[in-house]
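Here is how the chains run, residue by residue.
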Amino acid sequence: QASMWSPKALVARWRRPYEAVAKDDPETAAEAETPPAAQPSPPKPPKRRSDSDLADLERNARAINVLCALHFVNFASLHLTSLPYPKLVNHLVNGDRHVSPASSYATGVLIACNSSAQFLCIKYWSCMSDAHGRKPFIILGMCALACYAATFAFATSVKMLAIGFLLEGTFATGWTIGQAYVVDCSTPDQRAKNYATYYGVAQGGALGVGAVCGLALLSAGIRAPFFAALALLLLVVPVALYSLPESLPEHRRTPMAGNLWRKASPWAAVAMCWRRGPQFRDVMLAYCLGQSGALFMANTWVNYTEAALGWTTLETGLSVVLYGALLTRIPPRVVARIGEARSLVHGLDVLAAVFLCFALVGLAGPKASVAVWPGVCLMVVGMTWDSAARSHASKLLPDSEQGSLQGTLSALTLMCNVVAGVLSNAVFGFFISPRAPVRWPGANFVVA
């Protein structure tokens, strides 16, 4: 008993209160066998915006609906031409609408021209939007798209198509600045959902409607969809000038200090991924790999369905409509249910499995075309990785750099598209040519 109150025992009890002092006491011994759980440090409170920022968010929350409506029309005009433009390239190269190795290579070069122009310029426009607001540059992108449609409507050679692609790529600001607009009008916990909604409406819904209308207009002539897109864009620009509010108030803008061209360099986007730490770098690496695979599919889908499956424009258009219709509904719900991290990882897994299915279908031929339809549905589930990656990356940077982040993401996408546009069409053109050891229109999906 006296040893229990010795100085040594008292110090031991003070340091380790759960240590067994008396071995004969079973309760004390049980406590000694179960040490206390480590108490986690209290979480740091999230960085809150000022009252004026919260007021701006509440006032601009309705602006997301306006932006979605305007970009629905804007990108529907673009997707009016998504099915006809490969046919137009085939027509100018071959004299008919059927794909050939030469027209496939020409399509790859045109895509590379457009993506290269965007890669060189998009970071500049993103930095400018951080300093001068989003609205002027969203409208600039609409005007550039109208010029692109006009060039294609009157093109008589592949060189004129290249001019239209370069012009649209130089001033293609709508999609990138639109995402920064969504960030301005969203709280951090709502960004993933708003990203997915914006992506579903502006890309999925617009893709479905644009593909249907383009398919209907294609029967009236190969240039009719381009004239329709031009008319829609000439109507939506004045509506945007009147109805779209500015999302970035003066006190949240970043002044353009220092060398603007050095800051806006497209290579600065690549360097930014390495300066922000390993977590941001890993997300950007996953983003680049996922975009490269998705762009392999997008750049060759129309020609793939014709060469591998024997589909007409009607069947190809229906597959695009199905993809667009599901894209408006599924990604927001998947991201909201399973979270950003799982959406990113499992989305890429599903996309890889779908691409393997498409490759095997291309080897089997038209008799296996029935497997393409469930593959299109699963591909929509796989594309949830995009909005999850963008939302997760936006949470790793402060609000003042969101426009620059979107420029970085777009620059990385375009850098991937320069490679994917040329490589996917080169692989596809080689495996449908007589030089190929085996005719395999789906070989590009193996690379994807």
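Residues numbered from 1 in each chain as written. Predicted model: local features only at pLDDT ≥ 70, side-chain atom pairs only at ≥ 80, totals over all residues. Heavy atoms only, no water.

### Description of the overall build of the protein chain
Okay, step 1: From N to C terminus, the protein chain includes 21 helices and zero strands.
Okay, step 2: When each of the 448 residues of the protein chain is scored for burial, the buried share is 52%.
Okay, step 3: Residue pairs at least 24 apart in sequence account for 81% of intrachain contacts in the protein chain once pairs closer than 6 positions are excluded.
Okay, step 4: If you sum the accessible surface of the protein chain, you get close to 20700 Å²; carbon and sulfur atoms cover 66% of it. (Helix = DSSP H or I, 4+ residues; strand = E, 2+ residues; numbered from the N terminus. Buried < 20%, exposed > 50% of the residue type's maximum accessible area, 1.4 Å probe, protein only. Contact = heavy atoms within 4.5 Å. Areas by Shrake-Rupley, 256 points an atom, 1.4 Å probe, with all protein chains shown as cover.)

### What to know about the nonpolar core
Okay, step 1: By size, the foremost hydrophobic cluster in this structure holds 99 residues, and its most contacted members are W301, Y304, Y323 and F358.
Okay, step 2: Of the residues forming this core, the biggest block, 15 residues, is contributed by helix α14 (residues 278-309).
Okay, step 3: Those residues in contact with Y323 that sit more than four places away from it in its chain are Y199, L207, V376, M379, V380 and M383. (Core = buried A, V, L, I, M, F, W, Y, C linked by side-chain atoms within 4.5 Å.)

### Re the environment of A307
Okay, step 1: Considering the arrangement of structural elements, one finds A307 in helix α14.
Okay, step 2: Relative accessible area serves as the criterion here: at 14%, A307 is assigned to the buried category.
Okay, step 3: When the C-alpha atoms of A307 and I432 are compared, they prove to be 7.8 Å apart, with 125 residues separating the residues in sequence.
Okay, step 4: Those residues in contact with A307 that lie beyond four places of it in its chain are F428, I432, R439 and P441.

### Quick notes on the pattern of salt bridges
Close approach of charged atoms lets side chains of opposite charge pair.
Okay, step 1: Under the definition given, this model contains three salt bridges.
Okay, step 2: Close ionic contact of E306 with K87 constitutes a salt bridge, the shortest N to O distance being 3.0 Å. In this pair, E306 is assigned in helix α14 and K87 in helix α5 (residues 84-94), connecting sequence segments 219 residues apart.
Okay, step 3: Of the residues examined, E306 reaches a relative accessible area of 17% and is grouped as buried.
Okay, step 4: Overall, K87 belongs to the buried group, its relative accessible area being 9%.
Okay, step 5: Between R134 and D130 there is a salt bridge; the shortest N-O distance is 2.8 Å. By the burial criterion, R134 is buried, and D130 matches it. (Salt bridge = Lys/Arg side-chain N within 4 Å of Asp/Glu carboxyl O.)

### Focus: helix α4 (residues 63-80)
Okay, step 1: Between its first and last C-alpha atoms α4 spans 25 Å; for 18 residues at 1.5 Å apiece the expected length is 26 Å, and the two agree.
Okay, step 2: Along α4, the residues that are buried comprise A63, I64, L67, C68, L70, H71, N74, F75, A76, S77, H79 and L80. (Expected span 1.5 Å × (residues − 1).)

### Section: helix α9 (residues 174-184)
Okay, step 1: Of all eleven residues making up α9, eleven are buried, and the element is well covered by its neighbours.
Okay, step 2: Burial in α9 covers these residues: G174, W175, T176, I177, G178, Q179, A180, Y181, V182, V183 and D184.

### Considerations on the packing of aromatic side chains
Okay, step 1: Applying the stated criterion to the full structure yields 19 aromatic pairs.
Okay, step 2: Consider the rings of W125 and F137, whose centres lie 6.0 Å apart with planes at 45 degrees: the pair is tilted. Remark: F137 occurs in helix α7 (residues 135-153) and W125 occurs in helix α6 (residues 101-132); sequence separation between them is twelve residues. By the burial criterion, W125 is buried, and F137 matches it.
Okay, step 3: Of the aromatic side chains, those joined through ring pairs into one cluster are Y85, Y148, F152, F165 and F226. (Phe/Tyr/Trp six-rings, centres within 6.5 Å; stacked < 30°, edge-to-face > 60°.)

### Remarks on the confidence of the model for the protein chain
Okay, step 1: Chain-level statistics for the protein chain give a pLDDT mean of 78 and a share of 81% at 70 or above.
Okay, step 2: Taking the mean pLDDT of every element in the protein chain, the minimum, 46, falls on helix α2 (residues 26-33) and the maximum, 90, on helix α11 (residues 224-243).
Okay, step 3: The low-confidence segment residues 17-38, where pLDDT is below 50, has 13 contacts with residues more than four positions distant or belonging to other chains. (pLDDT = per-residue confidence, 0-100.)

### Here's the deal with the side chain of T151
Okay, step 1: With respect to the helices, strands and loops of the structure, T151 is situated in helix α7.
Okay, step 2: Sequence-distant contacts of T151, defined by excluding residues within four places in its chain, comprise M160 and G164.

### Things to note about the state of the cysteines
Okay, step 1: In this structure the tally under the stated criterion is zero disulfides.
Okay, step 2: Looking at the unpaired C147, the closest cysteine sulfur is the one in C143, lying at 7.1 Å.
Okay, step 3: Judged by relative accessible area, which is 38%, C147 ranks as partly exposed. (Disulfide = S-S within 2.5 Å.)

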